[in-house]
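Now for the letters of each chain:
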Amino acid sequence: MKLQEYRSKEILARHGVALLAGEPATSPQEARAAAERIGGPVVVKAQVLVGGRGKAGGVKLASSAAEAEVRAREILGLDIKGITVRTVLVAPAAEIAHEYYLGLILDRAARAITVIASAEGGIEIEETAKTNPEAILRLPLHPLIGLQDHEARRIAFFLGIPAELRKDFGTVMRGLYDAFVESDADLAEINPLVVTDDGQLLALDAKIVLDDSALPRHSDLEAMRDLNEEEPSEIAAREAGISFIKLDGTIGCMVNGAGLAMTTMDLVKLAGGEPANFLDIGGGAKADRVAAAFRIILDDPNVKAILVNIFGGITRGDEVARGIVEARAMLDREVPMVVRIVGTNAEEAKPILAEANLITADSLDDAAAKAVAAVAGAGA
Amino acid sequence: MSIFVNRDTRLLVQGITGREGEFHSTAMLEYGTSIVAGVTPGKGGQVALGGHVPVFDTVVDAVEQTGANASCIFVPAAFAPDAMLEASAAHIPLVICITEGVPGLDMLRVAHVLRSAGTRLIGPNCPGLTSVGEAKVGIIPGNIHAAGSVGLVSRSGTLTYEVVQAMTDAGIGQTTCVGIGGDPVVGTSFIDVIDAFNQDPETEAIVMIGEIGGDEEEKAAAFCAREVRKPMAGFIAGRTAPPGRRMGHAGAIISGGAGTAESKRTALEAAGIRVADSPSHIPQLLRDAGI
């Protein structure tokens, strides 16, 4: 789960990272009041979880509280890559002398939390990684003892932090590490970390991505979820225990298992169709979850056919078939449905599906071809 | 022959009295796996699976009294890290963790400790493994297999079953099928399994099933190009998956362009591994290689 900048900064501040926190605002009036409390020039920043907000006009300077209100009015309601801005962060403006990139990531290859640091911070960091990899330090930390002081010093020297700020850097590095570990993050980055004209070391922007598997033990962080940025169908899916990602195609997919779900989408594409979603219904495929999955898929008006692909395995195919027929009977909208059930009791499933006039398929390739044909038929 | 588990495997099941544990243990027993003990703290002294298997309070007790040499874990995610550590502390050399949803930071620590102790960990969030006709550990349906000479390794669950079924239907049997799990941090990698298959005299060909994310497939391809002379076939799921789930700048820097289906496919093909467009094409690729 990605956290908004102002939430990420809240967490970093709790761990002693010096930053210009500012205040979130959801209306131009609130933005003005926040700017008045802060005093002096401010930055008004769209709080969205997609990248490239600066280029989209989502970050603006304001020299007064009155101007902050105007800028907030421009930014609030702005569409940035499909997300409508509902919240802005009003933060003190800083005069930047130098910027750095500092990040921590759960590094699957190194099996460690790895520090990534560069003195060439800012939005061009990924370009730097390609053109000048020596300018980036990657330092995996020990999985049991974590960040050590000598490592924090090494990073400071690598970055060329001014001598008088090295101690402050140690505090930032320690705070970032503690925030990462205590919130069970997958990623925590400060970009940029800056030295200001008046010689302060400050985090100007921050991003934290939490490990979804660890959220059950962090109810305080779960409360920071921004539902505004999620598709309503994805919220409904999460509540039903279904893994779902909406796409732009016309063939709704319902599959058990993530790898098989991706494969089903790939084969729909190979057969000349476009998948409307990724949907992993999970183990067991119980009737109520099947019903919820159908509702979520059909909520998308683009869906012209549904492809159900269940590898029975331990689950009995005839039970899944009955669940599908029952769930379908309760739906408001009818679209052609291609059902492929294999594995345990697949033979017993066939008459149940045939009686309900569902299109059946033996192989996955065949199922994908039939779903594509069903969409072509519906369009004619 | 087979890898990791066989007729001599004496299996312990942690969480044997839970709903999942009991259900899948019954299926393992029916397959012919030798389950010698179960562990559920507080239920020591009971007998599980219709009187077949003694239950112990601790893994240490179970190992002392039954000589268990492998453990399969079905406990909930909140308790799974502790269960893996308990099995390793009791000197069990092979631990298979089926549990899904174990936090990543816990896994960094657990994987490090188990590796240091010389414990092989498979998973977590994996379907387990089956040495065909010898032992099934985990949740892969037993009836999809046929005995033969192809070793299979996969990051997925049901996609593994799909490929195994396609092979069996085409008359191509398997030695061992291993699901290594799809989490960011798992105990056993593609390379570990491929290396074992490469050294197993009965395994004549190897199938690897990957998916988008991480760079394990790319690394495995490099290993295969160097070390493996047995014919190989592969499949990569996720060509049409949305490129979302971007892990900030750090993720892009770490991955350096690896992780996409195209990158993985290119890496596999460069290593001489034939890559199928559909799981159903894998049997033909194996036939073409003389299997």
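Basis of the calculations
- Just so you know, the residues in each chain are numbered from 1, in the order the chain's sequence is written.
- All chains are assigned letters beginning at A, and all ligands numbers beginning at 1, according to the order in which they are written.
- Only residues with pLDDT of 70 or above have their local features reported here, since the model is predicted, and side-chain atom pairs are shown and tallied only from 80 upward, although totals for entire chains, interfaces and linings are computed over all residues.
- Comment: elements are numbered from the N terminus, with helices defined as DSSP H or I runs of at least four residues and strands as E runs of at least two.
- Counting other C-beta atoms within 10 Å of each residue's C-beta, where C-beta atoms are placed from the backbone, gives the exposure class: buried for 20 or more, exposed for 12 or fewer, partly exposed between.
- Contact criterion: two residues are in contact if their C-beta atoms, reconstructed from the backbone, are within 7 Å.
- Note that the domain bounds were set by an automatic or database domain assignment.
- Only when DSSP finds a minimum of two bridges between them are two strands counted as paired.
- Any residue outside Ala, Val, Leu, Ile, Met, Phe, Trp, Tyr, Cys, Pro, Asp, Glu, Lys and Arg is labelled polar, Gly included; the first ten of those are nonpolar and the last four are charged.
- For this entry, the nonpolar core is defined as buried Ala, Val, Leu, Ile, Met, Phe, Trp, Tyr and Cys residues connected by C-beta atoms within 7 Å.
- All axes are obtained by fitting lines to C-alpha atoms, using only the stretch in contact for helices, and the reported angles, taken between N-to-C directions, cover 0 to 180 degrees.
- Put simply, angles under 35 degrees are roughly parallel, angles over 145 are roughly antiparallel, angles from 65 to 115 are roughly perpendicular, and the rest are oblique.

(A) The overall build of chain A, seen in detail. A count of helical and extended segments in chain A gives 13 helices and 18 strands. The buried share of chain A, taken over its 380 residues, is 47%. For chain A, the share of sequence-separated contacts (at least 6 apart) that also reach a separation of at least 24 residues comes to 69%.

(B) Highlighting the domain arrangement of chain B. Residues and elements named next belong to chain B. Once the domains are mapped, chain B shows domain 1 (11–122) and domain 2 (128–288). Taking only C-alpha atoms into account, the centre of domain 1 sits 25 Å from that of domain 2. Of all the elements in the fold, those that place two or more residues in the side of domain 1 that touches domain 2 are helix H1 (19–31), strand E5 (70–73), helix H4 (104–117) and strand E7 (120–122). Ranked by residue count, the leading element in the side of domain 1 that touches domain 2 is H4, at 5 residues.

(C) Here's a closer look at the sheet that holds strand E14 (residues 274–275) of chain B. All names here are of chain B. Within the open sheet, the 7 strands sit side by side as E9-E8-E11-E10-E12-E13-E14. Their pairing is mixed. Because the sheet does not close on itself, it has two edges, and the strands there are strand E9 (135–138) and E14. The pairing of strand E13 (residues 232–237) with E14 spans 2 bridges and is classified as parallel. Directly across from Gly-234, in E14, lies its bridge partner Val-275.

(D) Main features of the interface of chain A and chain B. Contact with chain A, which involves 52 residues of that partner, is made by 45 residues of chain B. Looking at the side of chain A that touches chain B, the elements that each hand over two or more residues are strand E7 (96–107), strand E8 (112–118), helix H4 (125–131), strand E10 (185–196), strand E12 (206–210), helix H9 (258–270) and helix H13 (364–379) of chain A. The element that contributes the greatest number of residues to the side of chain A that touches chain B is H9 of chain A, accounting for 10 residues. Among the residues making up the side of chain A that touches chain B, the classes are represented as 28 nonpolar, 12 polar and 12 charged.

(E) Fine view of the environment of Gly-148 of chain B. By the secondary structure assignment, Gly-148 of chain B is in strand E10 (residues 147–154). Once residues within four sequence positions are removed from consideration, Gly-148 of chain B is found in contact with Ile-172, Gly-173 and Gln-174 of chain B.

(F) Region of interest: the nonpolar core. Counting 143 residues, the largest nonpolar core has Leu-279, Leu-307 and Ala-371 of chain A together with Leu-12 and Ile-73 of chain B as its most contacted members. Those residues in contact with Leu-12 of chain B, other than ones at most four positions away along the chain, are Val-36, Ala-37, Gly-38, Val-39, Val-59, Ala-62, Ala-68, Ala-70, Ser-71 and Ile-92 of chain B. One finds Ala-62, Tyr-101, Ala-156 and Ile-161 of chain A within the second-largest nonpolar core, a separate group that totals 69 residues.

(G) Structural view of the packing of helix H7 (residues 216–227) of chain B against helix H9 (residues 261–270) of chain B. Residue and element names in this part refer to chain B. At a minimum axis distance of 8 Å, the contact between H7 and H9 shows a crossing angle of 10°. On the basis of the axis angle, H7 is roughly parallel to H9. Together, Glu-217, Glu-218 and Ala-221 of H7 and Ser-263, Lys-264, Ala-267, Leu-268 and Ala-270 of H9 make up the contact between the two elements. Within the contact of H7 with H9, the residues separate by chemical class into 4 nonpolar, 1 polar and 3 charged.

(H) Examining the sheet that holds strand E3 (residues 59–62) of chain A more closely. Residue and element names in this part refer to chain A. Spatially, 4 strands are ordered E1-E6-E2-E3 in an open sheet, and the strand pairing comes out antiparallel. The strands lining the two open edges of the sheet, one partner per strand, are strand E1 (23–25) and E3. If you compare each strand with its neighbour and ignore which way they point, the axes differ by 25° on average. By the bridge criterion, 4 bridges tie strand E2 (residues 42–46) to E3 in an arrangement that is antiparallel. When the sheet's bridge partners are listed, Lys-45 is paired in E3 with Val-59. Of the strands in this sheet, E1, E2, E3 and strand E6 (88–92) touch helix H2 (residues 28–38), which is tilted by about 15° from E6.

(I) View of the pairing of strand E14 (residues 251–255) of chain A. E14 of chain A sits mainly inside the fold: 5 of its 5 residues count as buried. Residues of E14 of chain A alternate between two faces, with Ile-251, Cys-253 and Val-255 of chain A on one and Gly-252 and Met-254 of chain A on the opposite face, all of them buried.

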